Amino acid sequence: MTRQIIPVEPFDYVIFGGTGDLAQRKLLPALYQRDRDGQLPDASRLIGASRSDLSSEKYRAFAKEALEEHIKPDEREDDSLNRFLARLDYVKIDALSDDGWDALRSTLDKNDQGQIRAYYLAVGPGLFGTISNQLDKFGLIDDRSRLVIEKPLGRDLESAQELNKAIGKHFREDQIFRIDHYLGKETVQNLLALRFANALFEPLWNSSHIDHVQITVAETVGVEGRAGYYDKSGALRDMVQNHLLQLLCLVAMEPPASGEADAIRDEKLKVLRALKPITEDIVGATTVRAQYTAGAGPDGKVEGYLDELGEDSETATFVGLKAEIENWRWSGVPFYLRTGKRMAMRMSEIVIHFRPVPHSIFAKDAGIPISNKLVLRLQPDESVKQWIMIKDPGPGGMRLKHVPLDMSFAENFEERSPDAYERLLLDVIRGNQTLFMRSDEVEAAWRWIDGIFAGWDETSQKVRNYTAGTWGPSQSIAMIERDGRTWNDGDS
Ligand code: BG6
């Protein structure tokens, strides 16, 4: 069955930072794919804006190159490429001065048919407030305007509050779309479908039936030329504050009353607020931070973090932690989170470990029933697997076997799995904020993260080491094994 494509309303997307890395790797390819599928109405345009001195024609050539690099050849037909490139315009703008803003306004006014105007700030967060100011000053904000921003949304609670205030002066909350690209991933949305479109799981989704939850986001890449940004951020700010906590919220939230954005975001917020603070007295036992040393990457030997950086640093490229949610549903159920660069494989998954059967009726030589687990693999090879026990087929008595009920996306759906940005960029136009973070969510997440940093400072907790190409430091393994559990190292 082919997917039904419903075109969105006409829009103008202005991409500040239109010549940058994000625009090249993600934004232009995502909008191209949506156009190729026939989802962009004729009147929709894309306006690249940056300090580079380019004509619209040169910008089209730049975009063509980006598409050639980031879109597979069999997804690049001449007519769809030409149709997409014809939508592009370019304006040279200096965000820090008044130069170029009138030109942007006349470019937008040229074809104004009352369409939605989305401003995507693919620039450093230091410019979010400034650009919002300028947009306002030049009369470019009205009811149909939308602002799209992406992390880092602050580096602690205070700076996040300042940022929310700076953009909140010009845009209403329902006009602000804070991207967490993990929420655009198919399996993440599938978690909502799985939990709330099946009656099967919800009765079991609590501390009576779930033993613990693991969330792993492991990467094989290092800091990839982003050392300047990364060293000021580290794994806790770069990954846990946003992506991992968002995943935790979707697993742990109460069933919302509807699929409306605020119904879901209200429930996520309650989870963030119920996270047990990781204070000085427990930070040592419940968190591990570490840095990779020289070892192996997917293509051979790799340097350690400090050599890549070229100076000394205490920044963690790995964080493992044990979170607890203080409410009735989750009391006593640990959520183990870990993320790191240069780990053994690229693998992101959520694993729900159910409790064991209360009593086994099987003889010892049949095997001990292994607890059920539900594995949601986000990447690579998106899949949902429910592990169950069955009888090993054949004669010879009763032997138990642990097997997955396996729903692999690639095997079950012929369609290309869309990139997260394809969904998110058009949700902005649809005005659907379900997969975007509200200001209070971002702030609640920072409040909890700030507590961990404070705990590390107060206890002078050491930054451990792990060899590149492994599953992280031994202290992370010890942290979970102390509780009688083990990490699911991509083995299912
Ligand atoms: C980004 C982080 O938000 O997510 C990067 O800044 C990280 O450090 C990336 O590599 C991971 O995203 P994905 O989609 O490749 O898992």
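In this text the structure is predicted, and so the values were computed from the model without any measurement. (Residues numbered from 1 in each chain as written. Predicted model: local features only at pLDDT ≥ 70, side-chain atom pairs only at ≥ 80, totals over all residues. Heavy atoms only, no water.)

Q: Help me understand the sheet that holds strand S6 (residues 176-179), please; the structure alone is not making it clear to me.
A: In a beta sheet, neighbouring strands are held together by backbone hydrogen bonds and run either parallel or antiparallel to one another. With mixed pairing, the 7 strands of this open sheet are ordered in space as S3-S2-S1-S4-S5-S6-S17. One side of each edge strand has no neighbouring strand; the edge strands of this open sheet are strand S3 (88-92) and strand S17 (436-437). When strand S2 (residues 45-50) meets S3, the two strands line up parallel, connected through 5 bridges. Note on S3: the bridge partner recorded for leucine 46 is leucine 88. (Pairing = 2+ DSSP bridges. Helix = DSSP H or I, 4+ residues; strand = E, 2+ residues; numbered from the N terminus.)

Q: What am I meant to see in the packing of helix H7 (residues 186-196) against helix H8 (residues 227-252) here?
A: A pair of packed helices is characterised by two quantities: the angle between their axes and the separation of those axes. In contact at an axis separation of 10 Å, H7 and H8 are set at 10 degrees when each is read in the N-to-C sense. For the element pair H7 / H8, the angle class is roughly parallel. Contacts between H7 and H8 involve Val188, Leu191, Leu192 and Arg195 from the former and Leu247, Leu250, Val251 and Ala252 from the latter. Each residue belonging to the contact of H7 with H8 can be placed in one class, and the counts come to 7 nonpolar, no polar and 1 charged. (Axes fitted to C-alpha atoms, helices over the stretch in contact; angles between N-to-C directions. Parallel < 35°, antiparallel > 145°, perpendicular 65-115°, else oblique. Contact = heavy atoms within 4.5 Å. Nonpolar A, V, L, I, M, F, W, Y, C, P; charged D, E, K, R; others polar.)

Q: Looking at this structure, I do not really get the pattern of salt bridges. What am I missing?
A: Close approach of charged atoms allows side chains of opposite charge to pair. This structure, assessed with the given rule, holds 40 salt bridges. In this structure, arginine 355 and aspartate 211 form a salt bridge, with 3.6 Å as the shortest nitrogen-oxygen distance. Of the two residues, arginine 355 sits in the loop between strand S13 (347-354) and strand S14 (373-379) while aspartate 211 sits in strand S7 (residues 210-218), which places them 144 residues apart along the sequence. Ionic contacts of the salt-bridge type, sharing partners, join the residues Asp109, Asp112, Arg117, Asp142 and Arg144 into one network. (Salt bridge = Lys/Arg side-chain N within 4 Å of Asp/Glu carboxyl O.)

Q: Hey, could you run me through the site of the ligand in this one?
A: As a structural note, the neighbourhood of the ligand is formed by Lys151, His181, Tyr182, Lys185, Glu219, Arg226, Asp238, Met239, His243, Lys341, Arg346 and Gln379. In the environment of the ligand, an oxygen atom lies 2.6 Å from a nitrogen or oxygen atom belonging to the side chain of glutamine 379. Burial of the ligand by the protein chains amounts to 83% of its free accessible area of 400 Å². Its residues assigned to classes, the shell around the ligand shows 2 nonpolar, 3 polar and 7 charged. (Near = heavy atom within 4 Å. Polar contact = N/O pair within 3.5 Å; in protein donor to acceptor, adjacent residues only side chain to side chain. Areas by Shrake-Rupley, 256 points an atom, 1.4 Å probe, with all protein chains shown as cover.)

Q: For this particular structure, what's the right way to read a negative patch on the surface?
A: Taken together, Glu280, Asp281, Asp457 and Glu458 make up a surface patch of like negative charges. Those elements giving two or more residues to the negative patch turn out to be helix H10 (280-286) and helix H14 (439-459). In this fold, glutamate 458 is placed in helix H14. (Patch = residues over 30% accessible without salt bridge, like charges linked within 9 Å, V, L, I, M, F, W, Y side chains within 5 Å. Lys, Arg positive; Asp, Glu negative; His and termini not counted. Charge placed at Lys NZ, Arg CZ, Asp CG, Glu CD.)

Q: Got a minute to help me understand the packing of aromatic side chains in this structure?
A: Describing an aromatic ring pair means giving the distance of the ring centres and the angle of the ring planes. Applying the stated rule across the entire model yields 16 aromatic pairs. Taking 5.6 Å as the distance between ring centres and 20 degrees as the angle between the ring planes, the aromatic pair formed by tyrosine 59 and phenylalanine 62 counts as stacked. Of this pair, tyrosine 59 and phenylalanine 62 both sit in helix H2 (residues 56-70), 3 residues apart, which is roughly one turn of the helix. In this structure tyrosine 59 comes out as buried when scored by relative accessible area, which is 1%. Ring centres 6.2 Å apart and planes at 75 degrees place the aromatic pair phenylalanine 201 and tryptophan 205 in the edge-to-face group. For phenylalanine 201, a relative accessible area of 10% translates into the label buried. Judged by relative accessible area, tryptophan 205 falls into the buried class, the value being 1%. What links up through ring pairs into an aromatic cluster is the set Tyr230, Tyr292, Tyr305, Phe318 and Tyr466. The positively charged end of lysine 185 is found above the aromatic ring belonging to tyrosine 182, 4.6 Å away from the centroid. (Phe/Tyr/Trp six-rings, centres within 6.5 Å; stacked < 30°, edge-to-face > 60°. Buried < 20%, exposed > 50% of the residue type's maximum accessible area, 1.4 Å probe, protein only. Lys NZ or Arg CZ within 6 Å of the ring centre and 35° of its normal.)

Q: Any chance you could explain the pairing of S6 here in plain terms?
A: Two faces, one strand: in a regular strand the side chains alternate between the faces of the sheet. Burial along S6 is two-sided: Ile176 and Arg178 and Phe177 and Ile179, pointing in opposite directions, are all buried. Summarising the sheet, strand S5 (residues 145-150) and S6 pair through 4 bridges and their orientation is parallel. Within S6, the residue paired with isoleucine 149 across the bridge is arginine 178. Inspection of the sheet shows S6 paired to S17 by 2 bridges, in the antiparallel sense. The partner of arginine 178 across the bridge, within S17, is methionine 437.

Spatial relationships are all this shows, so hold off on functional conclusions.
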